[in-house]
Amino acid sequence: MSTFLVTGGAGFIGSNFVHYVLESTDHRVIVLDKLTYAGNRASLKGLPVNRMTFMHGDIADADLLDELMPQVDAVVHYAAESHNDNSLNDPRPFVDTNILGTYALIEAARRHDVRFHHISTDEVYGDLELDDTERFTETTPYNPSSPYSSTKAGSDLLVRAWVRSFGLRATISNCSNNYGPYQHVEKFIPRQITNVLDGVRPRLYGEGLNVRDWIHANDHSSAVLTILERGRLGETYLIGADGEHNNKAVIESILEIMGESAGAYDHVVDRPGHDLRYAIDSTTLRTELGWFPQYSDFHAGLEATVQWYRDNEPWWRPQKAAAEAKYQLTGQ
Ligand SMILES: NC(=O)c1ccc[n+]([C@@H]2O[C@H](COP(=O)([O-])OP(=O)(O)OC[C@H]3O[C@@H](n4cnc5c(N)ncnc54)[C@H](O)[C@@H]3O)[C@@H](O)[C@H]2O)c1
């Protein structure tokens with residue numbers, strides 16, 4: 001039995017990981033979360049209090065980290081500023097948390113010789129052409145487009161350097177786009193679902209041809225746990241579930257699942273620098289560590305996600321007006 005320090009455990013993917021670990025193992029979890037607009041304690045409701053402790057704080061707080069590190073066997077680092085559109089409006093918090101926060105954490109892990117797993121994104125690789133047959137692999141060169149992806153790329157490189165220079169016992173994973181429960185309504189899929197629930201037509205950036213490689217958050221969690229258990233120190237693993245769909249197809253599926261006509265959405269101005277296509281080749285994770293995704297049917301996963309937002313309006317309603325007000329400023 002291990003104790004994990006899960007940073008950002010009140011956010012979307014972090015909270016899914018906490019649920020997954022507490023439900024499928026006997027490990028304990030300490031969540032460290034600053035509770036920014038994206039963090040929500042309600043995402044951790046109902047979890048066993050004897051195996052989960054919540055600590056409100058900043059990953060950049062070195063004194064707090066020195067208190068926590070001796071209590072844990074591994075750090076699983078999800079905390080980040082994570083929304084591309086926000087990073088275009090105000091990049092500063094992205095530099096503070098994603099780069100300086102990660103720096104504080106790896107320094108603390110080094111001081112206390114604690115195993116470290118760094119969660120990152122496929123967006124560090126930039127984008128692919130729509131008609132390209134290539135997918136990202138562990139050796140694809142970094143080419144980030146936005147302040148968000150560039151600060152994530154910077155944090156990945158810090159971790160790699162700490163492995164090489166200081167022998168930090170670390171692994172890194174770069175995952176494709178996640179969907180599932182507990183995702184903030186500013187993000188593409190929950191925004192469209194909650195708009196339809198509110199009787200508002202979904203909004204599609206540009207022509208909607210941009211392709212994302214979707215993975216259910218539970219599959220991301222099982223992959224991260226596999227890497228913690230069996231991953232080779234110093235390695236980077238790509239996590240993906242072969243779920244490529246363009247944004248237009250995703251909106252049309254949501255409308256169909258929700259009983260609306262497939263064309264009942266509006267086009268809005270595209271995001272500047274919007275990446276065209278992401279696609280992950282997760283062969284290494286599958287062949288070396290024997291991991292496979294369980295949610296291979298994207299449509300079924302989307303149906304379950306729609307149902308979750310239908311059933312959990314008290315969870316998402318308090319975020320909705322503020323998220324839409326931000327989009328109104330950019331006409332999106
Ligand atoms: N969402 C995706 O599709 C996706 C895909 C691949 C990788 N990732 C990565 O997964 C991680 C989690 O993403 P998410 O979508 O769950 O993000 P999120 O925005 O939903 O959650 C981020 C969490 O981090 C917390 N946080 C932010 N700054 C903090 C700080 N300084 N100290 C402590 N806590 C802080 C927030 O309060 C929030 O709970 C990120 O590192 C992101 O880059 C996300």
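Now for a description of the structure that goes with this document. (Residues numbered from 1 in each chain as written. Predicted model: local features only at pLDDT ≥ 70, side-chain atom pairs only at ≥ 80, totals over all residues. Heavy atoms only, no water.)

Around the ligand sit 28 residues in total, of which I13, D33, S82, Y148 and K152 are the nearest. The contact in question runs from an oxygen atom of the ligand to an N or O atom on the backbone of L35, over 3.4 Å. Contact with the protein chains covers 97% of the free accessible surface of the ligand, which is 840 Å². Per-element accounting of the shell around the ligand gives the leading share, three residues, to strand β5 (residues 115-121). Looking at the shell around the ligand residue by residue, the classes come out as 12 nonpolar, 12 polar and four charged. (Near = heavy atom within 4 Å. Polar contact = N/O pair within 3.5 Å; in protein donor to acceptor, adjacent residues only side chain to side chain. Areas by Shrake-Rupley, 256 points an atom, 1.4 Å probe, with all protein chains shown as cover. Helix = DSSP H or I, 4+ residues; strand = E, 2+ residues; numbered from the N terminus. Nonpolar A, V, L, I, M, F, W, Y, C, P; charged D, E, K, R; others polar.)

Turning our eyes to something else, we now look at helix α10 (residues 298-311). Here α10 spans 20 Å end to end across 14 residues, near enough to the 20 Å set by a 1.5 Å rise per residue. Where α10 is concerned, the buried positions are F298, G301, L302, T305, V306, W308 and Y309. The buried side chains of α10 occupy one side of the element, clustering within an arc of 155° when seen end-on. The elements touched by buried residues of α10 are β7 (178-179), α6 (188-197), β12 (244-246), α8 (247-257) and α11 (313-329). Structurally, the start of α10 carries an N-cap: the backbone nitrogen of H299 is 3.1 Å from a side-chain oxygen of D297. (Expected span 1.5 Å × (residues − 1). Buried < 20%, exposed > 50% of the residue type's maximum accessible area, 1.4 Å probe, protein only. Arc of directions from axis to C-beta. Contact = heavy atoms within 4.5 Å.)

Applying the stated rule across the entire model yields 17 salt bridges. Between D242 and R286 there is a salt bridge, and its shortest N-O distance comes to 3.6 Å. Note that D242 is positioned in the loop between β11 (236-239) and β12 and R286 in helix α9 (residues 283-289), a separation of 44 residues in sequence. Given the relative accessible area of 17%, R286 is considered buried. (Salt bridge = Lys/Arg side-chain N within 4 Å of Asp/Glu carboxyl O.)

Right, let's get into the packing of α10 against α11. Remark: α10 packs on α11, axes separated minimally by 6 Å, with the N-to-C direction vectors making an angle of 80°. Of the possible angle classes, the one that applies to α10 and α11 is roughly perpendicular. Residues W308, Y309, R310 and D311 of α10 touch α11, and the partners they reach there are E313, W315 and W316. Among the residues making up the contact of α10 with α11, the classes are represented as four nonpolar, no polar and three charged. (Axes fitted to C-alpha atoms, helices over the stretch in contact; angles between N-to-C directions. Parallel < 35°, antiparallel > 145°, perpendicular 65-115°, else oblique.)

Taken in spatial order, the seven strands of this open sheet run β3-β2-β1-β4-β5-β6-β11, and their pairing is parallel. Two strands bound the open sheet, and with one partner strand each, they are β3 (52-56) and β11. Along the sheet, successive strands turn relative to each other by an average axial angle of 20°, direction set aside. Packed on one face of the sheet, helix α4 (residues 92-112) meets β1 (3-7), β4 (74-77) and β5 and runs near 160° to β5. Each of β5, β6 (170-175) and β11 is contacted by helix α5 (residues 147-166), which is oriented at about 155° to β5, the strand it contacts most. (Pairing = 2+ DSSP bridges.)

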